[in-house]
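# Topology and contacts: notes
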Amino acid sequence: SMRSRHSTGRAQLACMACLFATGALRAANDGHWLDVEGQIQYGYYTEDLHALGNLAARLDAKQGAEPLQGYYAALAYYRLALTGQMRDRLRAASAVEHCIASLDQALQVRADWADALALQGACLGLLAQLKPLRAPFAAVRSRSQLASALELEPHNPRALLLDGGLDFERAHSDAPAAKARACGEFEAAVAAFEAARPGEEHAPEWGPAEGYTYRARCDLERGDAAAARDALE
């Protein structure tokens, strides 16, 4: 009937409006967290321990049901640990432990979140370096979390980057196979970052700069200075 057609049309319009509003809210939410991500990355690139510490504490204090809140608190703690590990190992170890705890909370809400699993794997790997007595536990769990992340999303650029970074930094000069594996992951990570560029922005997005930097290090180690320069540029 005419009435039923009008009712169906109104229902369809209402559904479309709901979808549009949901998409707009999601985009606004991603925009907010990408701003936070930018602040964390800037603090890391400028080695601003004070700014990173304040960011981490502020994000940590407001953790709730929003998984990205815990994720970015963890990222801030991870960057704080990386930046300060040569100056104050105890403070760096404390930051890494906060990173792991923040991601435990986030993963309670989203257990199959590859980005959170990968970042937690990286934090556990750093903890194994900073607290050798805990290395057997932390190192094993680090590998487990990174393996889970890559099993869920084999082409996740940050999972590839973080997994390759651990291999690259741990590999000795007499372990070329480990370095080669890491360099392969960096190539895959950079390709994934480049493939994602034309798409919509979604949090998290960090990592391309580090991917290119690692690729340049791999190029230099195999004697290709021109390729390393291109990667850095």
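The following paragraphs examine the structure supplied in this document. (Residues numbered from 1 in each chain as written. Predicted model: local features only at pLDDT ≥ 70, side-chain atom pairs only at ≥ 80, totals over all residues. Heavy atoms only, no water.)

A few words now on the state of the cysteines. Going through the model one piece at a time under the given rule, you end up with two disulfides. Across a sulfur-sulfur distance of 2.0 Å, cysteine 99 and cysteine 123 are joined as a disulfide pair. For the disulfide bridge between cysteine 99 and cysteine 123, the dihedral angle about the S-S bond is near 80°, and by the sign convention the bridge is right-handed. On the criterion of sequence distance, the pair formed by cysteine 99 in helix α4 (residues 89–109) and cysteine 123 in helix α5 (residues 114–130) is long-range, its members being 24 residues apart. Cysteine 99 sits in the buried class, given a relative accessible area of 0%. Since its relative accessible area comes to 0%, cysteine 123 is described here as buried. (Disulfide = S-S within 2.5 Å. Helix = DSSP H or I, 4+ residues; strand = E, 2+ residues; numbered from the N terminus. Buried < 20%, exposed > 50% of the residue type's maximum accessible area, 1.4 Å probe, protein only.)

What follows concerns helix α8 (residues 176–196). Taking 1.5 Å of rise per residue, the 21 residues of α8 would be expected to cover 30 Å, and the 30 Å separating its terminal C-alpha atoms lies within 8% of that figure. Within the span of α8, buried status applies to Lys179, Ala182, Cys183, Glu185, Phe186, Ala189, Val190, Ala192 and Phe193. (Expected span 1.5 Å × (residues − 1).)

Here the focus is the packing of α5 against helix α7 (residues 157–170). Two elements in contact, α5 and α7, have axes whose closest approach is 8 Å; the angle formed by their N-to-C orientations is 15°. Comparing the axis directions of α5 and α7 gives the class roughly parallel. Crossing of α5 against α7: the hand is left-handed. The residues of α7 that touch α5, namely those facing Asp115, Ala118, Leu119, Gly121, Ala122, Gly125 and Gln129, are Arg158, Ala159, Leu162, Leu166 and Arg170. Residue composition of the contact of α5 with α7, by class: six nonpolar, three polar and three charged. (Axes fitted to C-alpha atoms, helices over the stretch in contact; angles between N-to-C directions. Parallel < 35°, antiparallel > 145°, perpendicular 65-115°, else oblique. Left-handed = near helix turned anticlockwise from the far one by under 90°. Contact = heavy atoms within 4.5 Å. Nonpolar A, V, L, I, M, F, W, Y, C, P; charged D, E, K, R; others polar.)

To continue, consider the nonpolar core. Ranked by internal contacts, the top residues of the largest apolar core, which has 61 residues, are Ile40, Tyr72, Tyr78 and Leu119. With sequence-adjacent residues up to four places away left out, tyrosine 78 is seen in contact with Cys99, Leu119, Ala122, Cys123, Leu126 and Leu162. (Core = buried A, V, L, I, M, F, W, Y, C linked by side-chain atoms within 4.5 Å.)

As a further point, take the pattern of salt bridges. Applying the stated criterion across every chain, the model contains 14 salt bridges. Residues glutamate 210 and arginine 79 are paired through a salt bridge, measuring 2.3 Å at the closest nitrogen-oxygen approach. Taken together, the residues span a long stretch of sequence, with glutamate 210 in helix α9 (residues 208–221) and arginine 79 in helix α3 (residues 67–84) at a distance of 131 residues. Here glutamate 210 and arginine 79 have matching classes, each one buried. One salt bridge in this structure joins glutamate 169 and arginine 217, with 3.0 Å as the shortest N-O distance. Highlighted residues: glutamate 169 in helix α7 and arginine 217 in helix α9, separated in sequence by 48 residues. Three or more residues joined by partner-sharing salt bridges are found here, namely Arg143, Asp163, Asp167, Arg181 and Glu185. (Salt bridge = Lys/Arg side-chain N within 4 Å of Asp/Glu carboxyl O.)

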